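# Structural overview for review
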Amino acid sequence: MNMHAARAASGRDTLRTILGIPVLAIRWDEAMALLTRLTRERRFTKVTFLNAHNANMACTDPVFAEALDDFLILPDGIGVDLAAKVLYGSPFPDNLNGTDFVPAFLQASTRPLTVALLGATRVNAEAASKKLAAIAVQHRFVVIHDGFFSAAQEPEIVERIATLRPDVLLVAMGVPRQELWIARHIDARHCTLPIAVGALLDFLSGAVPRAPVWMRQLRLEWLFRLAVEPGRLWRRYVVGNPLFLLRVVRQKFSRASEAAGDIH
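Naming follows an unreviewed UniProt entry, where the chain appears as WecB/TagA/CpsF family glycosyltransferase of Mesorhizobium newzealandense.

### Considerations on the layout of surface pockets
Counted as a void, the second largest pocket has a volume near 180 Å³. Residue lining of the second largest pocket: Thr99, Asp100, Pro103, Ala104, Gln107, Lys131, Ile135, Leu200, Phe203, Leu204 and Arg210, and that is the complete set. Secondary structure elements with two or more residues in the lining of the second largest pocket: helix 6 (98–108), helix 7 (122–135) and helix 10 (200–205). By residue number, the principal contributor to the lining of the second largest pocket is helix 6, which donates five residues. Tallied by class, residues from the lining of the second largest pocket come to six nonpolar, two polar and three charged.

### Remarks on the packing of aromatic side chains
Tallying each qualifying case throughout the model produces four aromatic pairs. Aromatic side chains Trp28 and Phe101 sit 5.3 Å apart centroid to centroid with 85° between the ring planes, which places their arrangement in the edge-to-face category. Here Phe101 lies in helix 6 and Trp28 lies in helix 2 (residues 28–40), a separation of 73 residues in the sequence. Ring geometry for Trp222 against Tyr237: centres 5.8 Å apart, planes inclined by 50°, an arrangement best described as tilted.

### Quick look at the pairing of strand 1 (residues 15–18)
Pairing of strand 1 with strand 2 (residues 21–24), which is carried by four bridges, proceeds in the antiparallel orientation. For Leu15, the partnering residue across the bridge sits in strand 2 and is Leu24. Connecting strand 1 to the antiparallel partner strand 2 that follows it, the hairpin turn spans two residues, and Leu19 within it adopts a positive phi of roughly 50°.

### Comments concerning unusual backbone geometry
The amide bond that connects Val175 to the next residue, Pro176, takes the cis arrangement and shows omega of 0°. Despite not being glycine, Leu19 shows a phi value in the positive range, around 50°. Within the secondary structure, Leu19 is located in the loop between strand 1 and strand 2. We classify Leu19 as buried; its relative accessible area is 16%.

Definitions and limits used
- Residues numbered from 1 in each chain as written.
- Predicted model: local features only at pLDDT ≥ 70, side-chain atom pairs only at ≥ 80, totals over all residues.
- Heavy atoms only, no water.
- 1 Å grid on protein atoms, 1.4 Å probe; cavity = no way out; pocket = protein on both sides within 12 Å on 5 of 7 lines; lining within 4 Å.
- Points joined across faces, edges and corners; volume = space filled by probe spheres on them.
- Helix = DSSP H or I, 4+ residues; strand = E, 2+ residues; numbered from the N terminus.
- Nonpolar A, V, L, I, M, F, W, Y, C, P; charged D, E, K, R; others polar.
- Phe/Tyr/Trp six-rings, centres within 6.5 Å; stacked < 30°, edge-to-face > 60°.
- Pairing = 2+ DSSP bridges.
- Buried < 20%, exposed > 50% of the residue type's maximum accessible area, 1.4 Å probe, protein only.

The following block contains the structure:
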């Protein structure tokens, strides 16, 4: 199911294009209802989240950008909200960041689901599975494999997923590896909803701390993550965020000049 089908499924024209990437602009409860409906109807749909970092990556990686064309994409973070405000005059209706949205979606899904976990370290994946099983007792959680495997191991991992055929497959390998892995290996024979979840399993396991609630409410979680892991994340945030906004402003002016050209 591609984004055009997703738009039809959500009932109205709800796409906003950020740096060439179509993102679904719907409320939290609408997104939950959409994913619930897709699992119930077993409509194969690849899901990921767009933030400033992976929008920047898509600008420089055409293979990644092309893979995203076939995903249902939800908005994640203050960067894409600012972009929507610049380009469309208002932010996205809700911040659907995967770290909060995916566990909430699983909690809210009353129909028992099989949920497979793939990625992170084995210890973190097992701990995340236990945490999810505690907050969403109606579902069955199965750890398929950690995220550290060779190409030679892939057929066996893919076969395990196909045998289990989970309703939801959480893939936690980081951007863009997780989206590219889903695009290359996973189809309707394997699961219904493969969801690229980034560091979710590390957060759920407690191995990586999350920002305090007040910082999240102020949309400053990125600042907390930068303070915790400056060596790994400074380029993503200190260089990446201004670069992303520059690209958004450039998109706005190129659209404006195209519109002016159409008038003349």
